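# Observations on the three-dimensional arrangement
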Amino acid sequence: MLEPALLPTPLVDCTDEAFARAGVELRLKRDDLLHPSVPGNKWRKLAPNLAAAVERGHTRLLTFGGAYSTHLRAVAAAAGALGLESVGLVRGEELVDRPRNWSLRAAEAAGMRLEFLTRSAYREATGRAGLGRGTDDGLQRRWGPCLVLPEGGSNALAAVGAAEIPAELPDLGARDVVCCPVGTGGTLAGIAAGLPPGARALGVAVLRGGEGYLEAEVTRLHRAAYGRGFDNWRIDHAHHGGGYGRVPAELAAFAERFERRHGVPLERRYVAKLLAALADLAGAGAFPPGTRLTAVVTGLPDPE
C-alpha cells in the first residue's frame, strides 16, 4: 500500500537579503516533503498516471532514466507499493557489469527490473515511447504488456497532476511568479496551466542546449492535456551550470550558504540551480519591486 502524501505541502516565507535588496519576496513551496518514497514533483506527475494504470488493469510499468534518475526510483517505489511490476530502461550499457550505485540499488530493492541500453538504443526506445504520446508496439513486444511512462514522467496526465501546485498557493495575482526547475517540462506545464489570470510561471532549465526544444515540449504537453496553449510562462536557459547533472563550485557554494541561512537542504542538480538563478535574476533587476516569487522545491538532496 502506498503511503498517503502530505498535501498541501508547506509554504514557507524565506527572508533572504539577496532578494530583499531587489524588493522581491521569496517563499518556498516545500514539495520535497510531499512523500517519503515518491518525493516532490515525482508524486505530482506519477499519481494520476498510477491511478490510470490501476483503472486500466495494467500490472507492469515501463519507464526510462539515467544512472541516478530520481524518476526511476520513484516509479520503482510506487509500483512496488501498489503490487505492480516495473521495468527501468537505463541509459548506458557499460553499467550492466558494474557495481550498482545507491540510486540503482534503491530501484532494484523496490522490485524494479533494470535493463541497460546503449545510448543509441536508449534514444530509439524513448523515441518509440513518443515522449508520452502513447505506448509503442515494439516496446510491448520486447518487454511485455505494460503502461509506458516517458523519461522524467512528463506526459499529459503528469501536467494535470502538477497543475495542483498553484491551487495550494493562496492569493495568487499579478505580482506572483511561480518558479520551478525544468528537466522535461511537465512540472512547468502544469504550473502554468493551473495559474489564475495575471500570475506567471518561470522555469529554469537544468540542461544545456534546450532552447526551443523545452519550449516545444511544454507547448506539446499543454495541447495534449488541455487542448490549447498558454502564454503565461517562460524558460530561463542561462543558469544550467554547464549542463545536466553538473554542479560547478560556485553553485555548490551558493547552495551551502543558502542551507546555512535557511535550514533547508537543497538538491543540487535541480533545486539549487533554480534558487541560484532566481537570486541572480533578482539582483540584475529582472523582477519589478513588489514581485513575489514562489520557488517549488521539487526534490530531496542525494544521500551523502
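Everything numeric here is computed off the predicted structure, so don't read it as measured data.

The rules behind the values
Residues numbered from 1 in each chain as written. Predicted model: local features only at pLDDT ≥ 70, side-chain atom pairs only at ≥ 80, totals over all residues. Heavy atoms only, no water. Helix = DSSP H or I, 4+ residues; strand = E, 2+ residues; numbered from the N terminus. Rg over C-alpha atoms; globule rule 2.2 N^0.38 Å. Buried < 20%, exposed > 50% of the residue type's maximum accessible area, 1.4 Å probe, protein only. Contact = heavy atoms within 4.5 Å. Lys, Arg positive; Asp, Glu negative; His and termini not counted. Charge placed at Lys NZ, Arg CZ, Asp CG, Glu CD. pLDDT = per-residue confidence, 0-100. Pairing = 2+ DSSP bridges. Right-handed = clockwise from strand over helix to strand, strands pointing away. Axes fitted to C-alpha atoms, helices over the stretch in contact; angles between N-to-C directions. Core = buried A, V, L, I, M, F, W, Y, C linked by side-chain atoms within 4.5 Å.

## So, the overall build of the chain
Helix and strand counts for the chain stand at twelve helices and ten strands. Taken over C-alpha atoms, the radius of gyration comes to 19 Å for the chain, in line with the 19 Å a tight globule of 304 residues would show. Reported as C-alpha extents along the three principal axes, the dimensions of the chain are approximately 55 × 40 × 35 Å. Taken across its 304 residues, the chain has 54% of its residues classed as buried. Sequence separation of at least 24 residues holds for 73% of the intrachain contacts in the chain that already meet a minimum separation of 6. Counting 36 positive and 34 negative side-chain charges, the chain places the averaged centre of each group 2 Å from the other.

## Here's the deal with the confidence of the model for the chain
Counting all residues, the mean pLDDT for the chain is 92, and 96% of those residues have values of 70 or more. The low-confidence segment residues 131-135, where pLDDT is below 50, has 14 contacts with residues more than four positions distant or belonging to other chains.

## Things to note about the pairing of strand β9 (residues 233-236)
As paired strands, strand β8 (residues 200-205) and β9 are joined by four bridges and run parallel to one another. Following the sheet pairing, Val204 is matched in β9 by Asp236. Regarding the hand of the β-α-β motif, the stretch spanning β8, helix α10 (residues 213-226) and β9 is right-handed.

## Some words on the sheet that holds strand β2 (residues 25-29)
One open sheet accounts for six strands, arranged β1-β2-β10-β7-β8-β9; its pairing is mixed. The open sheet has two free edges, formed respectively by β1 (11-13) and β9, since each of these has just one partner strand. Each adjacent strand pair in this sheet contributes to an overall mean axis angle of 25°, direction not counted. Bridge count for β1 against β2 is three bridges, and the pairing is antiparallel. Its bridge partner lying in β2, Asp13 is registered against Arg27. Across the sheet, α10 lies against β7 (176-182), β8 and β9, angled at about 150° from β9, the strand it touches most.

## Remarks on the nonpolar core
Counting 30 residues, the largest nonpolar core has Leu26, Leu28, Leu275, Leu278 and Leu293 as the members making the most contacts within it. Mapped onto this core, the elements with two or more residues apiece are β2, β7, β8, α11 (249-262), α12 (268-283) and β10 (292-296). No other element matches α12, which puts ten residues into this core. Beyond its immediate sequence surroundings of up to four residues, Leu28 is in contact with Pro10, Leu11, Val12, Cys14, Phe258, Val264, Leu275, Ala295 and Val297. In terms of nonpolar packing, the next biggest core, distinct from the first, is built from 26 residues, Val38, Leu46, Ala74 and Val75 among them.

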